[in-house]
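The primary structure of each chain is shown beneath.
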Amino acid sequence: MTASRALIADDHPLFRNALVQMLKDQMKMQVDESFNYASTIEKMHECSDYDIIFLDLNMPDAEGLAGLMQLKTLFPNTLIVLVSAEQNAVIIRKAMQLGVSGFIPKSISLDLMKEAVNKVLEGDNWLPDDLELDAEDDEQLAYIHRMEQLTPNQLKVLHMMANGLLNKQIAYELHISESTVKQHASAVLKKLGLINRTQAGVIYKQIMQTGNHDSH
């Protein structure tokens, strides 16, 4: 059996080093590292056989849950585990809805971390015992499932529409024609079952919102 391969996407060298040592020494895994969102995407394009990625959403340029969703869309077969010094139940619940396999607080012991990694690699989800997640929002969950049908380019267009960019600006940013942007935008609305861009932008922002308050 070949060794599992992991990518640690985190901008804190001390935590990265501790996790690298544990994965290599105790779990005999091959381990690569990245320190921001751009280098994470680059590494994953370079190596298509990562089994698991340990992702800190607070890395520079990570774009929070939007970056996570992009990763899930681009690399659907790679397991993703969130790692963070903060235990934000809202973010963790939404991340689980978006398809991550677990959440590992940076404060837990290496033994417990090893147990968590084993569980995820076996196909289970792992969360700390003391973590209480709020009740799920069924409507948001339905939109998340619809968003999973979007292609990586459609997701980028949705992200930019939500940030108020015009077709011309989106075309420039993505190096595509305006008519292609319009095709992506109409495909997004159709897949999400929505009428206009404003609606799509509002729902996208509600889902990606990471504050501690509810939007309703």
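Definitions and cut-offs
- Residues numbered from 1 in each chain as written.
- Predicted model: local features only at pLDDT ≥ 70, side-chain atom pairs only at ≥ 80, totals over all residues.
- Heavy atoms only, no water.
- Helix = DSSP H or I, 4+ residues; strand = E, 2+ residues; numbered from the N terminus.
- Rg over C-alpha atoms; globule rule 2.2 N^0.38 Å.
- Buried < 20%, exposed > 50% of the residue type's maximum accessible area, 1.4 Å probe, protein only.
- Contact = heavy atoms within 4.5 Å.
- Areas by Shrake-Rupley, 256 points an atom, 1.4 Å probe, with all protein chains shown as cover.
- Lys, Arg positive; Asp, Glu negative; His and termini not counted.
- Charge placed at Lys NZ, Arg CZ, Asp CG, Glu CD.
- Salt bridge = Lys/Arg side-chain N within 4 Å of Asp/Glu carboxyl O.
- Axes fitted to C-alpha atoms, helices over the stretch in contact; angles between N-to-C directions.
- Parallel < 35°, antiparallel > 145°, perpendicular 65-115°, else oblique.
- Nonpolar A, V, L, I, M, F, W, Y, C, P; charged D, E, K, R; others polar.
- Polar contact = N/O pair within 3.5 Å; in protein donor to acceptor, adjacent residues only side chain to side chain.
- Pairing = 2+ DSSP bridges.
- Right-handed = clockwise from strand over helix to strand, strands pointing away.

1. Here we look at the overall build of the chain
- Broken down by element type, the chain carries 10 helices and five strands.
- Here the chain has a C-alpha radius of gyration of 18 Å; the compact-globule value for 216 residues is 17 Å, and the two agree.
- Taking the principal axes of its C-alpha atoms as reference, the chain extends roughly 50 × 40 × 30 Å.
- Residue burial in the chain is summarised as follows: out of 216 residues, 50% are buried.
- If you take every contact in the chain between residues at least 6 apart in sequence, the share linking residues at least 24 apart comes to 68%.
- Surface accessibility of the chain: about 11,200 Å² in total, with carbon and sulfur atoms responsible for 49%.
- Between the mean site of the 19 positive side-chain charges and the mean site of the 29 negative ones, the chain shows a separation of 8 Å.

2. Side note on the pattern of salt bridges
- Tallied over the full model, the rule gives four salt bridges.
- The shortest N-O distance in the salt bridge between Asp32 and Arg5 comes to 2.9 Å. Of the two residues, Asp32 sits in strand E2 (residues 30-34) while Arg5 sits in strand E1 (residues 5-9), which places them 27 residues apart along the sequence.
- Overall, the relative accessible area of 21% leaves Arg5 in the partly exposed class.

3. Things to note about the packing of helix H6 (residues 138-147) against helix H10 (residues 197-208)
- Packing of H6 against H10 brings their axes to within 11 Å, and their N-to-C directions diverge by 105°. Classified by the angle between their axes, H6 and H10 sit roughly perpendicular to one another. In contact with Gln140, Tyr143, Ile144 and Met147 of H6, H10 contributes Ile203, Tyr204, Gln206 and Ile207.
- Partitioning the contact of H6 with H10 into residue classes produces six nonpolar, two polar and no charged.

4. Things to note about helix H4 (residues 89-97)
- Taking burial as the measure, the nine residues of H4 include nine buried ones, the bulk of the element.
- Tucked into the core, H4 has its buried residues touching helix H3 (64-74), strand E4 (79-84), strand E5 (102-105), H6 and H10.
- Taking the backbone nitrogen of Val90 as reference, a side-chain oxygen 3.0 Å away marks Asn88 as the first, capping residue of H4.

5. Focus on the environment of Tyr143
- Here Tyr143 is to be found in helix H6.
- Judged by its relative accessible area of 13%, Tyr143 is buried.
- The residues contacting Tyr143, other than those within four sequence positions of it, are Leu192, Leu194, Ile203 and Ile207.

6. A few points about the pairing of E2
- Strand direction decides the pairing type here: E1 and E2, joined by five bridges, are parallel. For Arg5, the partnering residue across the bridge sits in E2 and is Gln30.
- Considered for its hand, the β-α-β crossover made up of E1, helix H1 (residues 13-26) and E2 is right-handed.

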